[in-house]
Amino acid sequence: MKILVAFATVEGQTRKIARHIQKELVDAGHEVELFDISRKTSAVTFRDLDRIILAGSVHERRHPQTFEVFLAAHRDELQTHNTLLLSVSLNAAFAEGREEAMEYVTELEMRTQFTPNAVALVAGAVKTGDYDYFATQVLRHVVLRGHDYDPADGEHEFTDWTQLAATLSDFMTSEDRTAPAVLASRR
């Protein structure tokens, strides 16, 4: 199969996830194009693709503007393919945050008018070196409230690579235009 993995990242975890997916799919014998949406001068083609994986990180309740613009601008082409949206956020790491993490996807869909076939909420990472005082306090007292992790302890990856592999496998084996049962079906 020919697969496009298009991503937008802020701190780098979503890039790491996209590269991991690329490696897994190439190792499985697929042809994979990795496309960094933030590279505004790069061209992308949707011709002859069998699947499209879209990965975007969430910060302050929103996916990157470049990600939203990409989805809106290419909505018609994307709707003709079997698509998986990976929404990467810290709230996805915690059971009590998953409802809010799904709200990010709903808001993205409302802003872009694009609805993927399948959605997976993927836990991101804490990159403490990238945060100012205010961001650290929001992280500590809002996002990580009541959890054992303290941002003062340094960087921490919450991404569940085993779950991501299962999500990827389910998406790759699903019928065209049909969302896998384990994913939050969007159609």
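Up top you'll find the structure we're talking about.
Residues numbered from 1 in each chain as written. Predicted model: local features only at pLDDT ≥ 70, side-chain atom pairs only at ≥ 80, totals over all residues. Heavy atoms only, no water.

A. Quick peek at unusual backbone geometry. For aspartate 48, which is not glycine, the phi torsion reads 65° and is therefore positive. Along the polypeptide, aspartate 48 turns up in the loop between β2 (31-36) and β3 (51-57). Even without being a glycine, glutamine 113 presents a positive backbone phi close to 60°. Along the chain, glutamine 113 turns up in the loop between α4 (98-112) and β5 (118-123). Of the residues examined, glutamine 113 reaches a relative accessible area of 51% and is grouped as exposed. (Helix = DSSP H or I, 4+ residues; strand = E, 2+ residues; numbered from the N terminus. Buried < 20%, exposed > 50% of the residue type's maximum accessible area, 1.4 Å probe, protein only.)

B. Here's a closer look at the side chain of histidine 63. With respect to the helices and strands, histidine 63 occurs in the loop between β3 and α2 (65-73). A polar side-chain atom of histidine 63 sits 2.9 Å from a polar atom in the side chain of serine 87. Ignoring anything within four residues of it in the chain, the contact list for histidine 63 reads Gly56, Ser57, Val58, Glu68, Ser87, Tyr104, Val105 and Leu108. (Polar contact = N/O pair within 3.5 Å; in protein donor to acceptor, adjacent residues only side chain to side chain. Contact = heavy atoms within 4.5 Å.)

C. Representation of the packing of helix α1 (residues 13-27) against helix α6 (residues 161-173). Between α1 and α6, whose axes approach to 11 Å, the crossing angle comes to 55°. Considering their axes alone, α1 and α6 lie oblique with respect to each other. Relative to α6, the crossing made by α1 is right-handed. On the side of α1, the interface is formed by Gln13, Lys16, Ile17, His20, Ile21, Glu24 and Leu25, while α6 contributes Trp161, Leu164, Leu168 and Met172. Split into classes, the residues belonging to the contact of α1 with α6 amount to seven nonpolar, two polar and two charged. (Axes fitted to C-alpha atoms, helices over the stretch in contact; angles between N-to-C directions. Parallel < 35°, antiparallel > 145°, perpendicular 65-115°, else oblique. Left-handed = near helix turned anticlockwise from the far one by under 90°. Nonpolar A, V, L, I, M, F, W, Y, C, P; charged D, E, K, R; others polar.)

D. Structural context of the pattern of salt bridges. This model, assessed by the stated rule, comprises eight salt bridges. One salt bridge in this structure joins aspartate 27 and lysine 23, with 2.7 Å as the shortest N-O distance. Of this pair, aspartate 27 and lysine 23 both sit in helix α1, four residues apart, which is roughly one turn of that helix. A relative accessible area of 56% means that aspartate 27 is categorised as exposed. Among the salt bridges present, the one from arginine 61 reaches glutamate 100, with a minimum N-O distance of 3.2 Å. With arginine 61 in the loop between β3 and α2 and glutamate 100 in helix α4, this pair connects stretches of sequence that are 39 residues apart. Judged by its relative accessible area of 30%, arginine 61 falls in the partly exposed class. The exposure class of glutamate 100 is partly exposed, given its relative accessible area of 27%. Beyond isolated ion pairs, a larger network of salt bridges with shared partners links Arg61, Glu100, Glu103 and Glu107. (Salt bridge = Lys/Arg side-chain N within 4 Å of Asp/Glu carboxyl O.)

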